[in-house]
Amino acid sequence: AGSSPLRFPFAVAAMKPRLIALVPALLAAPAVWAESTDPIMKVLELMAGMQEKLIKQGETSQKTYWEFSKWCKDRSRDLHHEIKVGKGQVANLKATIEEQADVITSAETKIGEVSAQLSTGEADIKAMTLLRKKEVEDYTAQERDLTDTIDMVQRSIAILQREM
């Protein structure tokens with residue numbers, strides 16, 4: 001399909017054999033005809049000139065067509081390659097997105113675990129703070145009792161020493 005040449009609307013290729021066959025036949029007419037039919041010879045000369053111009057135009061148009069056709073093929077090949085590369089990049093990016101989605105899920109799980117540990121730690125700190133507060137109160141009360149007891153013992157010793 002791509003190797004067959006396209007025909008132009010004015011069908012240069014189809015007209016060329018007919019014109020080529022017509023011109024020599026008319027030019028081969030006897031010299032007698034040439035003398036008596038000068039206007040006809042002039043018409044034949046004009047037709048031969050037109051034939052040459054038409055053939056040159058056809059060749060120029062054909063060359064332009066082939067150049068454009070080559071450019072279209074090259075552009076099509078380039079675009080197909082770009083599309084193929086683009087699809088490959090899309091596939092790679094989708095794979096990366098899936099991998100990163102797994103990383104995000106893993107990170108969210110880890111965040112949940114650390115958050116639970118943090119909550120447990122905060123609850124432990126709160127419980128320890130309350131325990132320390134109670135222990136301080138107990139210590140203070142015991143210290144007061146012991147201080148009072150020591151004072152009593154010291155007074156008792158002082159009284160006993162005076163009486164003795």
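Here the structure is shown first, and the text comes after it.
Residues numbered from 1 in each chain as written. Predicted model: local features only at pLDDT ≥ 70, side-chain atom pairs only at ≥ 80, totals over all residues. Heavy atoms only, no water.

## Considerations on the overall build of the protein
Here comes step 1: A tally of regular secondary structure across the protein gives 3 helices and 0 strands.
Here comes step 2: Each helix and strand of the protein, placed in order from N terminus to C terminus, yields the pattern α-α-α.
Here comes step 3: In the protein, which comprises 164 residues, the share counted as buried stands at 8%.
Here comes step 4: Summed over all atoms, the accessible surface of the protein reaches about 14,200 Å², with 64% contributed by carbon and sulfur. (Helix = DSSP H or I, 4+ residues; strand = E, 2+ residues; numbered from the N terminus. Buried < 20%, exposed > 50% of the residue type's maximum accessible area, 1.4 Å probe, protein only. Areas by Shrake-Rupley, 256 points an atom, 1.4 Å probe, with all protein chains shown as cover.)

## A closer look at the packing of aromatic side chains
Here the distance between the centres and the angle between the planes together describe a pair of aromatic rings.
Here comes step 1: Summed over the entire model, instances satisfying the criterion amount to 2 aromatic pairs.
Here comes step 2: For the pair Y65 and W66, a centre-to-centre distance of 5.4 Å together with 70° between the ring planes defines the contact as edge-to-face.
Here comes step 3: Ring geometry for F68 versus W71: centroids 6.0 Å apart, planes at 25°, classification stacked. Here W71 and F68 lie together in helix α3 (residues 38-163), a separation of 3 residues that amounts to about one turn. (Phe/Tyr/Trp six-rings, centres within 6.5 Å; stacked < 30°, edge-to-face > 60°.)

## Description of the pattern of salt bridges
Here comes step 1: Inspection of every chain in the model, using the stated rule, returns 4 salt bridges.
Here comes step 2: Across the salt bridge formed by E135 and R132, the nearest N and O atoms sit 3.0 Å from each other. Separated by 3 residues within a single helix, E135 and R132 lie in helix α3, roughly one turn from each other.
Here comes step 3: D138 is the partner of K134 in a salt bridge, and the nearest nitrogen-oxygen pair spans 3.5 Å. Of this pair, K134 and D138 both sit in helix α3, separated by 4 residues, roughly a single helical turn.
Here comes step 4: We classify K134 as partly exposed; its relative accessible area is 48%. (Salt bridge = Lys/Arg side-chain N within 4 Å of Asp/Glu carboxyl O.)

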